[in-house]
Amino acid sequence: MHNKKNTDTSKFLSYILRHAPESIGLALDQEGWADIDQLIAAAARHGRRLDRDLIADVVRDNDKKRFSISPDGARIRAVQGHTSDSVDIQHIEKEPPPFLYHGTATRFLESIQQQGLIPGSRHHVHLSQDIATAVSVGQRYGKPVVLKVAADRMRQAGHVFFQADNGVWLTAHVPVGFFDVD
Ligand code: HQG
């Protein structure tokens, strides 16, 4: 992210497109898409000035590629991380690599060891292909710890995996027995 305006806009778009489109009177379809002209108009009614160039900059430069624009340029969505009940993206199932990683904070470990990894308010448990990403995800909540998830073994046991457009891996739940502290 190159500047404060882009960072502010990214945070605003994350809030609207993942969590609370209704807060500005916007509707998303089931796949999470918003019409960009409607988004700009709805944001303007709520005192937030957006335009197509700013949105395109944020989508292109976003550090985690959080958003995508439809091929016809008319619509935008967040590619993962949703909590909104109105969104139910039909991700395409994908075979995961043998292991994936989940970064969390040490203070959650005891509960995770009892319940497994659960999605919390989001729609999926988020996993990454590399340890460095997992460390930075875990750091958001405290002293980070990385769990190594036996993704291939889970798949063989019938669990389903998806990969969002930005590379983040998603699954519904990681039960106890399928992860170790790395
Ligand atoms: C933890 C960011 C107690 C879980 C990141 C995590 C990611 C449990 C927290 C994306 C638990 C949920 C998602 C259990 C899981 N008991 N705690 N049984 N099971 N947890 O933010 O994975 O910047 O909803 O370990 O980069 O941290 O937003 O999920 O610490 O990709 O684009 O409960 O969000 O991306 O926290 O992060 P979150 P997350 P963005």
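Residues numbered from 1 in each chain as written. Predicted model: local features only at pLDDT ≥ 70, side-chain atom pairs only at ≥ 80, totals over all residues. Heavy atoms only, no water.

**Q** For this particular structure, what's the right way to read the layout of surface pockets?
**A** The gaps left among the atoms become clear once a water-sized probe is rolled over them. By volume, the largest pocket is sized at about 920 Å³. Along its surface, the largest pocket is lined by 34 residues, and H102, R122, H126, V137 and R140 are the ones closest to its centre. Contributing elements (two or more residues each) for the lining of the largest pocket: β4 (100-105), α4 (109-115), β5 (125-127) and α5 (131-139). In terms of residue count, the dominant contributor to the lining of the largest pocket is β4 (4 residues). (1 Å grid on protein atoms, 1.4 Å probe; cavity = no way out; pocket = protein on both sides within 12 Å on 5 of 7 lines; lining within 4 Å. Points joined across faces, edges and corners; volume = space filled by probe spheres on them. Helix = DSSP H or I, 4+ residues; strand = E, 2+ residues; numbered from the N terminus.)

**Q** For this particular structure, what's the right way to read the site of the ligand?
**A** The local shell around the ligand holds 17 residues, among which K64, H102, T104, S111 and Y141 are the closest. The contact in question runs from a nitrogen atom of the ligand to an N or O atom on the side chain of S111, over 2.5 Å. Between the ligand and R122 there is a distance of 2.8 Å, counted from an oxygen atom to a side-chain nitrogen or oxygen. Considering the ligand on its own, with 780 Å² of exposed area, one finds that the protein chains cover 86% of that surface. (Near = heavy atom within 4 Å. Polar contact = N/O pair within 3.5 Å; in protein donor to acceptor, adjacent residues only side chain to side chain. Areas by Shrake-Rupley, 256 points an atom, 1.4 Å probe, with all protein chains shown as cover.)

**Q** I'm lost on helix α2 (residues 36-45) in this one. Help?
**A** Note that an α-helix has 3.6 residues per turn; residues three or four places apart therefore point the same way. All of the buried residues along α2 are I36, L39, I40, A42 and A43. In this fold, the buried residues of α2 make contact with α1 (4-19), β1 (34-35), α3 (52-61), β2 (67-69) and β3 (75-78). The distance from a side-chain oxygen at the start of α2 to the backbone nitrogen of D37 is 3.1 Å, and the residue carrying that oxygen is D35. G47 sits one or two positions beyond α2 and adopts a positive phi of about 80°. (Buried < 20%, exposed > 50% of the residue type's maximum accessible area, 1.4 Å probe, protein only. Contact = heavy atoms within 4.5 Å.)

**Q** For this particular structure, what's the right way to read the pairing of β3?
**A** Two faces make up the sheet, and in a regular strand the side chains alternate between them. Direction of pairing for β1 relative to β3: antiparallel, over a ladder of 2 bridges. For D35, the partnering residue across the bridge sits in β3 and is R75. Connecting β2 to the next strand, β3, in antiparallel fashion are 5 residues, including G73 with a positive phi near 80°. (Pairing = 2+ DSSP bridges.)

**Q** How should the packing of α1 against α3 be read in this particular structure?
**A** Geometrically, a packed helix pair is captured by the angle between its two axes and the distance between the axes. Axis separation between α1 and α3 bottoms out at 10 Å; the angle between their running directions is 85°. Compared by their axis directions, α1 and α3 come out roughly perpendicular. Across from K5, N6, T9, S10 and L13 in α1, the residues of α3 making contact are L54, D57, V58 and D61. For the contact of α1 with α3, the residue count by class is 3 nonpolar, 3 polar and 3 charged. (Axes fitted to C-alpha atoms, helices over the stretch in contact; angles between N-to-C directions. Parallel < 35°, antiparallel > 145°, perpendicular 65-115°, else oblique. Nonpolar A, V, L, I, M, F, W, Y, C, P; charged D, E, K, R; others polar.)

**Q** Would you take a moment to explain the environment of A172 for this structure?
**A** Following the sequence through the fold, A172 ends up in the loop between β8 (169-171) and β9 (179-181). For A172, a relative accessible area of 52% corresponds to the exposed category. In sequence terms A172 and H159 are 13 residues apart; their C-alpha atoms lie 8.1 Å from each other. When near neighbours in sequence (up to four residues on either side) are disregarded, A172 contacts P119 and V125.

**Q** I'm lost on the pairing of strand β6 (residues 144-149) in this one. Help?
**A** One ladder, built from 6 bridges, connects β4 with β6; its direction is antiparallel. Note that in β6 the partner of H102 across the bridge is L147. By the bridge criterion, 3 bridges tie β6 to β9 in an arrangement that is antiparallel. From the neighbouring strand, V149 faces β9, where its bridge partner is F179.

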